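Structural overview
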Amino acid sequence: MSPRKQAYDKQEVHVDVEGRTLKISSLDKVLFPRTGTTKAEVLSYYAQIAPVLLPHLKDRAVTRIRWPHGVGDMSFFEKNAPAGTPSWVRTVTVPTTGSRIGTGDGTLTFPIVEDLATLTWMVNLAALELHVHQWTVGRNGRPRNADRIVVDLDPGEPAGLHECCQVALLARAKLAERGLTAKPVTSGSKGLHLYADLPRRLPSDAATALTKEVAEELQGEHARLVTATMTKARRGGKVFLDWSQNAGSKTTISPYSLRGKEKPYVAAPVSWAEVEEGAGDPLGLEQLRFEEVLERVADHGDFFAS
């Protein structure tokens, strides 16, 4: 049965979330057909993970990817706060260039997720994926410079997460040479993300240049395993170090966000010991589902916390 035609109860319920009354609908709608995961389960995951997710969304404009009929059907990116956004949702308006120093003719008005009520409202709209920039917004409503960099390790077949782990160890050393401490996060898709907090904020173009420098050094030293070139035809069997996600207009999936994949995988922070195991054993590290992530947080706390 097509996800669009699936039968489910469209009944609406009103729930109180931290003093906000929200109208929640279609709780039994299946959003991940492969696993039968329902909207109620997705809402439950985000509610449970909120204590560790919200600090990493704080003051960051959020781009959403929404799957109104589940991951087996169409999806769309949404940057602007949609019509009907509650008045209590914090928003920020930036130039369409996304650079904060550009002079675009238009603007985008992003929501910022700083509490459980906003998160619940957003997820109720079938926003499974939450993507953020590497810059934050000040209380004056103006975007600030980047406070971190991200390196997206994207494997080209037949390379996979195993090779990403090997490259992550090399990238960690390069970042350490620059006084930066890397934190690994499985992407919830095919690869691995490395984040590093900056000792001082940098304009997005400077943060991009720094990350590109690391990527190109590794490409020069490990050409059989690493590429810093965006051309997809040159990525076969290599790990592409995507430095471009530090541009002011670019976003990366937030740590602890679900992914709209066949199964409910999560962009999951992991330990360096796990990355080392994944580098040595092709099956040493795998993408993690939301149930596993909740268990890990309950047992070990937030691996991504500074």
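In this text, all values refer to a predicted model and were calculated from it rather than measured experimentally. (Residues numbered from 1 in each chain as written. Predicted model: local features only at pLDDT ≥ 70, side-chain atom pairs only at ≥ 80, totals over all residues. Heavy atoms only, no water.)

1. Considerations on the pattern of salt bridges
- Under the defined criterion, the tally for this structure stands at 20 salt bridges.
- The salt bridge partner of Glu217 is Arg178, with a shortest N-O separation of 2.6 Å. On the criterion of sequence distance, the pair formed by Glu217 in helix H4 (residues 204–221) and Arg178 in the loop between helix H3 (161–177) and strand S12 (182–186) is long-range, its members being 39 residues apart.
- On the accessibility criterion, Arg178 (24% relative accessible area) is partly exposed.
- Lys212 is the partner of Glu216 in a salt bridge, and the nearest nitrogen-oxygen pair spans 4.0 Å. Here Lys212 and Glu216 lie together in helix H4, a separation of four residues that amounts to about one turn. (Salt bridge = Lys/Arg side-chain N within 4 Å of Asp/Glu carboxyl O. Helix = DSSP H or I, 4+ residues; strand = E, 2+ residues; numbered from the N terminus. Buried < 20%, exposed > 50% of the residue type's maximum accessible area, 1.4 Å probe, protein only.)

2. Some thoughts on the side chain of Thr252
- The residue Thr252 is located in strand S16 (residues 252–253) in this model.
- If we skip the residues at most four places from it in the chain, Thr252 touches Leu130, His131, Val132, Gln134, Val150, His193, Tyr195 and Gln245. (Contact = heavy atoms within 4.5 Å.)

3. As for a negative patch on the surface
- Taken together, the side chains of Glu286, Glu292, Glu295 and Asp299 define an acidic patch exposed on the protein surface.
- Judged by relative accessible area, Asp299 falls into the exposed class, the value being 59%. (Patch = residues over 30% accessible without salt bridge, like charges linked within 9 Å, V, L, I, M, F, W, Y side chains within 5 Å. Areas by Shrake-Rupley, 256 points an atom, 1.4 Å probe, with all protein chains shown as cover. Lys, Arg positive; Asp, Glu negative; His and termini not counted. Charge placed at Lys NZ, Arg CZ, Asp CG, Glu CD.)

4. As for the domain arrangement of the chain
- Here the domain parsing of the chain yields domain 1 (12–137) and domain 2 (145–250 + 260–300).
- Computed over C-alpha atoms only, the centres of domain 1 and domain 2 are separated by 24 Å.
- Contact residues are listed per partner, giving 23 residues for domain 1 and 24 residues for domain 2.
- With both chains or domains summed, domain 1 and domain 2 bury close to 2,000 Å², and 53% of this area falls on carbon and sulfur atoms.
- Three residues, Arg34, Tyr45 and Gln134, lead the burial of domain 1 against domain 2; their summed loss comes to 34% of the area buried on that side.
- Between Asp147 and Arg60 there is a salt bridge, with its nearest N and O atoms 3.0 Å apart.
- Applying the counting rule to domain 1 against domain 2 returns nine residue pairs in polar contact (both at pLDDT 80 or more). (Domains from an automatic or database assignment. Buried area = accessible area lost by both parts, 1.4 Å probe. Polar contact = N/O pair within 3.5 Å; in protein donor to acceptor, adjacent residues only side chain to side chain.)

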